Amino acid sequence: MSKVTVVGAGNVGATCANVLVTCGIADEVVLLDIKEGVSEGKAMDIMQTASILNLNTVLSGVTNDYAATEGSDVVVITSGIPRKPGMTREELIGVNAGIVKSVTDQVLAHSPNAIIICISNPMDTMTYLIHKVSGLPKNRIIGMGGALDSARFKYYLSQAMGANATEVEGIVIGGHGDTTMIPLTRYAAYRGVPASEYLSAEELEKVAAATMVGGATLTKLLGTSAWYAPGAAGAQMVKAVLHNEKKLISCSALLDGEYGEKDLCIGVPAIIGRNGIERIVEFDLNDQEKELFAKSAAAVRKTNEALAAAL
């Protein structure tokens, strides 16, 4: 029996829980929130689709009752305030750092063996914070950002090529930020054929640029952060863990010399399986990509410096 807890019943958390249930990824899902009635109501709404969609996963909603999360295999943390138009992910650090620290302490008190997936923004810094306050082995803490950024990259690639997004390959590394992520256009492909065979250098650059501001574009349109793709990306990572998929997914991982960086959580390709981050995969970056990654790492470190003040 597999059990997953999703902390935060906002748009992203509720979407993640919905995907976990409708896709039958886990046997049991607990949706937890601090606001009375929200998680209970959303869980009830989702479970009322069970007879329509022939669902077997059991979903329950609770208000601030961490005892209900006991024995979770995976905990997804979405807690925190979302971005508003014109707001950077970094501006969220003051409020969200305190929230994420408190949540981490409480979930581990009831599920000490859980693998934690962090979605809260600023995601790389919140993932780093969880490492610092939990003392968990580095394989058991995963930041979701790269999975979402890569999905957006594949969306824009598929739109540009007129191709099915499920047959497009694309990966984004670096920080989960509008100016720090690095869509690796050189590695983009359509059914094994380099995307450069279908798109010009200028077109690939436009795809990369659209990917980098993908989150901000949606925030401007919606008036708040996106939730369908972020929630689904979180569920994708849960599935890779619970089903031991050994799938290569870009995620925020704690580096210890990989890509020339140490003591830093940032987006890199990794093999995700039952043990969480089972292996970081080092792509052969060219000089330009290495320079971009170093700049991205420096920007994430700068955000990390605000952690001490925030706490």
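Going by the structure above, here's the rest.
In this report, we go over the structure that sits alongside the text. Note that this is a predicted model, so its numbers are computed, not measured.

## Some thoughts on the packing of aromatic side chains
Evaluated as defined, the whole model comprises five aromatic pairs. Residues Tyr155 and Tyr156 carry aromatic rings whose centres are separated by 5.0 Å and whose planes lie at 70 degrees to one another, so their mutual orientation is edge-to-face. For Tyr155, a relative accessible area of 43% gives the class partly exposed. For Tyr156, a relative accessible area of 22% corresponds to the partly exposed category.

## A look at the pairing of strand E1 (residues 3-7)
Judged by how many residues are buried, E1 sits mostly within the fold: five of five residues are covered. Burial of the side chains of E1 extends over both faces: Lys3, Thr5 and Val7 are buried on one face and Val4 and Val6 on the other. The pairing of E1 with strand E2 (residues 28-33) spans five bridges and is parallel. Directly across from Lys3, in E2, lies its bridge partner Glu28. A crossover connection joins E1 to the parallel E2 through helix H1 (residues 11-22); in handedness this β-α-β unit is right-handed. As judged from the four bridges shared by E1 and strand E4 (residues 74-77), these two strands associate in the parallel manner. Following the sheet pairing, Val7 is matched in E4 by Ile77.

## Topic: the side chain of Asp124
Tracing the backbone shows Asp124 in helix H5 (residues 123-134). Judged by relative accessible area, which is 5%, Asp124 ranks as buried. Within the structure, the side chain of Asp124 is placed 2.7 Å from the backbone nitrogen of His176, a separation counted as a polar contact. Filtering out sequence-adjacent residues up to four positions away, Asp124 remains in contact with Gly175, His176, Ser252, Cys265, Ile266, Gly267 and Val300.

## Remarks on helix H7 (residues 201-212)
Taking 1.5 Å per residue as the helical rise, H7 with its 12 residues ought to reach 16 Å, and the 17 Å between its terminal C-alpha atoms agrees with that figure. Every buried residue belonging to H7 is among Leu204, Val207, Ala208 and Thr211, and all of these are buried. In an axial view of H7, the angular spread of the buried residues amounts to 95 degrees, which keeps them on one side of the axis. Away from its buried face, by an angle of more than 90 degrees, H7 presents the exposed residues Glu202, Glu205 and Lys206.

## What about the sheet that holds strand E11 (residues 193-194)?
Spatial strand order, E7-E10-E11: three strands in an open sheet with antiparallel pairing. For this open sheet the edge positions go to strand E7 (168-169) and E11, each flanked by a neighbour on one side alone. Inspection of the sheet shows E7 paired to strand E10 (residues 189-190) by two bridges, in the antiparallel sense. Paired with Val168 across the strands is Tyr190, a residue of E10.

Parameters at a glance
Residues numbered from 1 in each chain as written. Predicted model: local features only at pLDDT ≥ 70, side-chain atom pairs only at ≥ 80, totals over all residues. Heavy atoms only, no water. Phe/Tyr/Trp six-rings, centres within 6.5 Å; stacked < 30°, edge-to-face > 60°. Buried < 20%, exposed > 50% of the residue type's maximum accessible area, 1.4 Å probe, protein only. Helix = DSSP H or I, 4+ residues; strand = E, 2+ residues; numbered from the N terminus. Pairing = 2+ DSSP bridges. Right-handed = clockwise from strand over helix to strand, strands pointing away. Polar contact = N/O pair within 3.5 Å; in protein donor to acceptor, adjacent residues only side chain to side chain. Contact = heavy atoms within 4.5 Å. Expected span 1.5 Å × (residues − 1). Arc of directions from axis to C-beta.

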